Every structure is written in structure tokens, then in C-alpha cells.
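Structural features, examined
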Amino acid sequence: MKNGAIETAYWLGELLETTPQEQEEIAHLLDQHGTSMFWVRLKEWNFSDELYAKLQIVSEVLKNLKEHTSWP
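Before going into details, it helps to say that this report is about the structure given with it. (Residues numbered from 1 in each chain as written. Predicted model: local features only at pLDDT ≥ 70, side-chain atom pairs only at ≥ 80, totals over all residues. Heavy atoms only, no water.)

1. What to know about the nonpolar core
Just so we agree on the cut-off: The criterion is simple. A nonpolar core is a set of buried Ala, Val, Leu, Ile, Met, Phe, Trp, Tyr and Cys residues joined through side-chain atoms within 4.5 Å. Each residue is placed in one exposure class: buried if its accessible area under a 1.4 Å probe, protein chains only, is under 20% of its type's maximum, exposed if it is over 50%, and partly exposed if it falls in between. Counting from the N terminus, the helices are DSSP H or I runs at least four residues long and the strands are E runs at least two residues long. The contact definition used throughout considers only heavy atoms, calling two residues in contact when any of these lie within 4.5 Å.
Counting residues in hydrophobic clusters, the biggest one holds 16 residues, and the most contacted among them are I26, F38, W39, L42, F47 and L55. Secondary structure elements with two or more residues in this core: α1 (3-16), α2 (20-33), α3 (35-40) and α4 (49-68). In contact with F47, other than residues within four places in its own chain, are E25, I26, L29, F38, L42, Y52 and L55.

Below is the structure:
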């Protein structure tokens, strides 16, 4: 597993107060599908309703940042 996926999952886990198992699942999906596709396919993953709701909020924040910020 790539370090970037592990680190991203760790910080998402810290932010969203996930369990170690949820962090591992997120890391696996990030590693397997990449960060962009993770967010695009968010509805497809089998997360608890609570975790999905939290991830959806992060997704909306990222979407708003992308729309209002000039990305390279």
C-alpha cells in the first residue's frame, strides 16, 4: 500500500474520528482507486451511514475549494 494512501486515510480518520478498521478500509480504497476516484465513487463504498455522512461533508468542502481556488 502506498504511503500517500495511508497518510491520507490517517488524517481523514483523525478529522472524522474513525475507527482503525475504517481507516484501513479508506486507505485500501484510496490505494486501489486513487484519491480522485475515491471521492467520485464515494456512494459505491460500503460505509456506515455515519461515516458516509462525514465523508460526504468532506467531499463537499473539497468540491467548493476546487471551484473557488485556482488549481495548478
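Still more to cover.
2. Looking at the packing of α1 against α4
Going by this rule: Between N-to-C directions, angles span 0 to 180 degrees; the directions come from axes that are lines fitted to C-alpha atoms, helices contributing only their stretch in contact. Here the word oblique covers every angle except those under 35 degrees (roughly parallel), over 145 (roughly antiparallel) and from 65 to 115 (roughly perpendicular).
Put simply, α1 and α4 touch, their axes get as near as 11 Å, and they point 110° apart. On the basis of their axis angle, the class for α1 and α4 is roughly perpendicular. When α1 is examined against α4, the residues L12, L15 and L16 are found in contact with a partner set consisting of L51, K54, L55 and V58.

3. Here's the deal with a nonpolar patch on the surface
Formally: Each patch is built from salt-bridge-free residues with over 30% relative accessible area, joining like charges within 9 Å and nonpolar side chains (Val, Leu, Ile, Met, Phe, Trp, Tyr) within 5 Å. Residue burial considers only the protein chains on display, and all accessible areas are found by Shrake-Rupley using a 1.4 Å probe. A side-chain nitrogen of Lys or Arg and a carboxyl oxygen of Asp or Glu constitute a salt bridge if their distance falls within 4 Å.
There is a patch of nonpolar side chains on the surface, built from I57, V61, L62 and L65 and spanning about 350 Å² of accessible area. Given a relative accessible area of 44%, V61 falls into the partly exposed group.

4. A closer look at α2
As a reminder of what qualifies: Multiplying 1.5 Å by the residue count of a helix minus one yields the expected span of that helix. As used here, the arc belongs to the directions running from the helix axis to the C-beta atoms.
Between its first and last C-alpha atoms α2 spans 20 Å; for 14 residues at 1.5 Å apiece the expected length is 20 Å, and the two agree. Listing the buried residues of α2 in full gives E22, Q23, I26, A27, L29 and L30. One side of α2 holds all its buried residues, which, seen down the axis, span an arc of 165°. Every exposed residue of α2 that faces more than 90 degrees away from the buried side is listed here: P20, Q21, E24 and Q32. Those residues of α2 that are buried lie in contact with α1, α3 and α4.

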